[in-house]
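Coordinates in review
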Amino acid sequence: MELDVNWLAVLVATVAHQALGALWYGLLFRNTWLTAMGMRPEDVEREGPGGEMALGAVASFLSALALALILTFVDEPSVADGVAVGAVAGIGFVTAATFMNGAYEQKKPVLSAMFGAYYTLGLMIAGAIVGAWQ
């Protein structure tokens, strides 16, 4: 078994995943997220993203790398293979765990739904990139 990963694809997938997060939480669902978190826009602007962005980039990189590693088990992976693996991982692992943790932590379900949807879509996009370039 050979785990031949296209590192450029993993890096591009990481950037795409992070860009989706910026769009998702910074523009599309900013107000919904802030309300669910009990925050105001000035709270976010005052604190700045700092370490959270760095941690998010590392998490996105690890997720893209995991997709690339999984896709090494597919003979001649395609965009469709990458999207499918991303969807299964996003729904089956990330979203399921997010809802479970959210319930135990008594967080608003909208936060789990927003994160699960974002991460699943991000994994599907990352999977498409990796599947196309693998």
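Notes on the structure follow.

This part takes up the packing of aromatic side chains. Scanning all chains against the criterion turns up 8 aromatic pairs. An angle of 40° between the planes, with centres 6.3 Å apart, marks the rings of W24 and Y118 as tilted. Of this pair, W24 sits in helix 1 (residues 7–28) while Y118 is found in helix 6 (residues 109–133), placing the two residues 94 residues apart along the sequence. What makes W24 buried here is its relative accessible area of 10%. Given a relative accessible area of 7%, Y118 falls into the buried group. Taken together through their ring pairs, the aromatic side chains of W24, Y25, F29, W33, F115, Y118 and Y119 make up a single cluster.

Within the secondary structure layout, T120 lies in helix 6. On the basis of relative accessibility, which here comes to 8%, the residue T120 falls in the buried class. Those residues in contact with T120, other than ones at most four positions away along the chain, are G86, A87, G90, I91 and T95.

Among the nonpolar cores identified, the biggest contains 21 residues, and V10, A13, L123 and V130 are the most heavily contacted of them. Elements with a contribution of two residues or more to this core: helix 1, helix 4 (50–71), helix 5 (79–104) and helix 6. Residues within four places of L123 in sequence aside, it is in contact with H17, S63, L67, G82, G86, A89, G90 and V94.

Residues spaced three or four apart along an α-helix point in a common direction, a consequence of the helix completing one turn every 3.6 residues. For helix 1, with 22 residues, the first-to-last C-alpha span of 30 Å sits near the 32 Å given by 1.5 Å per residue. Inspection of helix 1 places A9, V10, A13, T14, H17, L20, G21 and W24 among the buried residues, and these make up the whole buried set. One face of helix 1 carries all of its buried residues, which in axial projection span an arc of 140°. Helix 1 presents L8, V15 and L27 as exposed residues on the side facing more than 90 degrees away from its buried surface.

Here S63 shows up in helix 4. For S63, a relative accessible area of 17% corresponds to the buried category. For S63, the residues in contact, after removing those within four places along its chain, are Y119 and L123.

Any two side chains of opposite charge can pair, so long as their charged atoms come close to each other. Per the counting criterion, the structure on display carries 1 salt bridge. Note that E105 is salt-bridged to K107, the shortest N-O span being 3.4 Å. On the accessibility criterion, K107 (46% relative accessible area) is partly exposed.

Thresholds, definitions, all that
- Residues numbered from 1 in each chain as written.
- Predicted model: local features only at pLDDT ≥ 70, side-chain atom pairs only at ≥ 80, totals over all residues.
- Heavy atoms only, no water.
- Phe/Tyr/Trp six-rings, centres within 6.5 Å; stacked < 30°, edge-to-face > 60°.
- Helix = DSSP H or I, 4+ residues; strand = E, 2+ residues; numbered from the N terminus.
- Buried < 20%, exposed > 50% of the residue type's maximum accessible area, 1.4 Å probe, protein only.
- Contact = heavy atoms within 4.5 Å.
- Core = buried A, V, L, I, M, F, W, Y, C linked by side-chain atoms within 4.5 Å.
- Expected span 1.5 Å × (residues − 1).
- Arc of directions from axis to C-beta.
- Salt bridge = Lys/Arg side-chain N within 4 Å of Asp/Glu carboxyl O.

In short, geometric facts, not functional conclusions.
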